[in-house]
Amino acid sequence: MKKRLLALTLAGALLLSGCSGLKTRQPDEDALPELQYTRPENEKIENRESQKTLKSQGTLSDGSDYILYANNELEISGDVLTSKLKSEKPLTEALKDVTVLTLNVKEIGEETCGDLSMIQSVNLGPDVTSIGDSAFSKCSALGTIQFPASVETIGDYAFQGCTSLWSADIPSTVTSMGAYVFTGCDSLRAVKIDTDVCESTFAECTALRDITFQDNCRIIGECAFQGCSGLRNLYLGANIERIERQAFSECEKLSYIYFNKNLQYIGHLAFAGAQSLSKVEWEDKLAYLQVTREEDYSKQSNLSNFFPKFKKED
């Protein structure tokens, strides 16, 4: 009996010892490396946020290629775009819904993208150098456009009548900007200009409040800002030399003007109709005596309060 009891006691001790040994050999869960899933090389990854779904594609009459995406974006690639998009039969129905236009071309021809009433934004590719006459005129829903540094010329009436356009920064690479480019863009609030301003370029931009003239802007052309009734303060850029006739006429809310010392010429009726004008300052207070003026400023609204009467110079 004693032997049997001793045997059972030894067996129990061995069993407890074995369980304890097993327990000490269990790994620390915190020390275990995280399991990582490696995708098979042939497994496709779908990103619905960035992936564009192709709707249709083809070739325009001028040889340019187009792709229409399901998100209402039209992309055109080629060298020179000369086809008038609104007249292209493959796009007749599609253009009723297109809101984004991407142009990966070098030149945008005359009237090519004009009168597209649904376009809200235009993406110009990095190689665009030229925007032709009336290229985007009367795109009434167009709100934004970014000019790449490659752009050198902008033609007459290029954005005339784009009544939803609210901002335009003209890059320093633009060496030629035509007349009436933004005429009637009555939502345009701010512009940066780094080239000479031609005739009526911003005429009737009634919401325009902020104009920044950068270093390459030297001439403000005839009627350039005529009828910009929202303009209140005008700071002439450091290098502006000439203000042509009627450049700021009918700017009825204009109340303050700051002239730089390099200004050499002010044209006929340049500020006619500026009924709210109350203060004029010069960077160099003596410089205005050297400015060529076309007429007695007593005839130009309230400017007679700030300039002495004088006779027209020969």
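Described in the following lines is the structure provided in the data block. Along each chain, residue indices are assigned from 1 in the same order as the chain's sequence is written. Per-residue local features of the predicted model are confined to residues with pLDDT of at least 70, and side-chain atom pairs are confined, for both listing and counting, to 80 or more; whole-chain, interface and lining totals are unaffected and use all residues. The basis for every side-chain value is the complete set of heavy atoms in the structure, and neither hydrogens nor water enter the calculation.

Right, let's talk about the overall build of the protein chain for a bit. Where helices and strands are cited, they refer to DSSP runs of H or I of at least four residues and of E of at least two residues respectively, numbered from the N terminus. Looking only at helices and strands, the protein chain has 1 helix and 21 strands in total. Across the 314 residues of the protein chain, 42% fall into the buried class. Should any heavy atoms of two residues lie within 4.5 Å, those residues are considered in contact. Taking all contacts inside the protein chain whose residues are at least 6 apart in sequence as the whole, residues at least 24 apart take part in 29%. For the protein chain, the exposed area adds up to about 17900 Å²; of that, 47% sits on carbon and sulfur atoms. For every residue, the accessible area obtained with a 1.4 Å probe (protein chains only) is divided by the maximum for its type, and the residue is called buried under 20%, exposed over 50%, and partly exposed between those limits. Here the accessible surface of atoms and residues is derived via Shrake-Rupley with a 1.4 Å probe, and residues count as covered only by protein chains that are part of the display.

It is worth spelling out the pairing of strand 1 (residues 54–59) at this point. The pairing of strand 1 with strand 2 (residues 65–69) spans 5 bridges and is antiparallel. In the sheet register, Leu54 faces strand 2, and the bridge partner there is Tyr69. Turn length for the strand 1-strand 2 hairpin, with the two strands adjacent in sequence and antiparallel, is 5 residues, and the turn residue Gly63 shows positive phi of about 95°. Pairs of strands are assigned from DSSP output, requiring at least two bridges between the strands.

With that settled, the discussion passes to the nonpolar core. Residues enter a nonpolar core if they are buried and are Ala, Val, Leu, Ile, Met, Phe, Trp, Tyr or Cys, with the set joined through side-chain atoms within 4.5 Å. Counting 74 residues, the largest nonpolar core has Ile131, Phe136, Phe159, Phe182 and Phe225 as its most contacted members. For this core, the secondary-structure elements that each account for two or more residues are strand 2, strand 3 (73–77), strand 5 (100–104), strand 7 (121–124), strand 13 (190–193), strand 14 (210–213), strand 18 (256–259) and strand 20 (279–282). Look past the residues within four positions of Phe182 in its chain and what remains in contact with it is Phe147, Phe159, Leu165, Ala168, Ile170, Met177, Leu188, Thr201, Phe202, Ala203 and Cys205.

Turning next to the sheet that holds strand 11 (residues 167–169). Each strand in a sheet pairs with its neighbour through backbone hydrogen bonds, running either in the same direction (parallel) or in the opposite one (antiparallel). In space, the 3 strands of this open sheet follow the order 11-13-14, with parallel pairing throughout. Taken across any chain shown, the strands that pair with only one partner, and hence form the sheet edges, are strand 11 and strand 14. Averaged over all pairs of adjacent strands, the angle between strand axes in this sheet comes to 10°, irrespective of strand direction. In terms of strand pairing, strand 11 meets strand 13 through 3 bridges, oriented parallel. Following the sheet pairing, Ala168 is matched in strand 13 by Val191. All axes here are fitted lines through C-alpha atoms, helices being fitted over the stretch that makes contact, and every angle between N-to-C directions spans 0 to 180 degrees.

If you trace the backbone, Ser150 turns up in the loop between strand 9 (144–146) and strand 10 (153–154). We classify Ser150 as buried; its relative accessible area is 17%. Definition of a polar contact: a pair of N or O atoms within 3.5 Å, with one able to donate and the other able to accept a hydrogen when the atoms are protein atoms, and with sequence-neighbouring residues admitted only if both atoms are side-chain atoms. Within the structure, Ser150 has its side chain in polar contact with the backbone oxygen of Val128 (distance 2.6 Å). Among residues more than four places away in sequence, those in contact with Ser150 are Gly125, Pro126, Asp127, Val128, Thr129 and Thr173.

Another aspect to go through is unusual backbone geometry. Of note, Lys138 is a non-glycine position whose phi angle comes to about 65°, a positive value. If you trace the backbone, Lys138 turns up in the loop between strand 8 (130–131) and strand 9. Not every positive phi belongs to a glycine, and Cys223 is a case in point at roughly 55°. Within the secondary structure layout, Cys223 lies in the loop between strand 15 (219–220) and strand 16 (233–235).

Moving on, we come to the sheet that holds strand 7. Reading across the sheet, the 6 strands line up as 1-2-3-5-7-9 and stay open at both edges, with mixed pairing between neighbours. The open sheet has two free edges, formed respectively by strand 1 and strand 9, since each of these has just one partner strand. Across the sheet, the axes of successive neighbouring strands diverge by a mean angle of 15°, strand direction being ignored. Here strand 3 runs beside strand 5; their pairing, made up of 5 bridges, is parallel. Each bridged residue has a counterpart across the sheet, and for Ser77 the counterpart in strand 5 is Asn104.

To continue, consider the environment of Asp97. Structurally, the position occupied by Asp97 is in the loop between strand 4 (80–81) and strand 5. Exposure remark for Asp97: the relative accessible area of 44% places this residue in the partly exposed category. Distance from Asp97 to Ser117, taken between C-alpha atoms, is 9.7 Å for residues 20 residues apart in sequence.

This brings us to the packing of aromatic side chains. Stacked, edge-to-face and tilted labels apply to pairs of Phe, Tyr and Trp rings (six-membered ring for Trp) whose centres lie within 6.5 Å, assigned for plane angles under 30 degrees, over 60, and everything in between, in that order. Taken as a whole, this structure holds 12 aromatic pairs when the rule is applied. An angle of 5° between the planes, with centres 5.0 Å apart, marks the rings of Tyr157 and Tyr180 as stacked. Of this pair, Tyr157 sits in the loop between strand 10 and strand 11 while Tyr180 sits in the loop between strand 12 (176–177) and strand 13, placing them 23 residues apart in sequence. For Tyr180, a relative accessible area of 25% corresponds to the partly exposed category. For the ring pair Phe259 and Phe271, a centre distance of 6.0 Å and an interplane angle of 85° mean the geometry is edge-to-face. A residue pair is termed long-range when its members are at least 10 positions apart, and Phe259 in strand 18 and Phe271 in the loop between strand 19 (265–266) and strand 20 qualify at 12 residues. Look at Phe259 and you get buried, because its relative accessible area is 0%. A connected cluster of aromatic rings, assembled from ring pairs, spans Phe136, Phe147, Phe159, Phe182, Phe202, Phe213, Phe225, Phe248, Phe259, Phe271 and Trp282. As a reminder, the over-ring test applies to NZ of lysine and CZ of arginine, requiring each to be within 6 Å of the ring centre and within 35 degrees of the ring normal. Lying over the aromatic face of Tyr265, Arg242 brings its terminal NZ or CZ to 3.9 Å of the ring centre.

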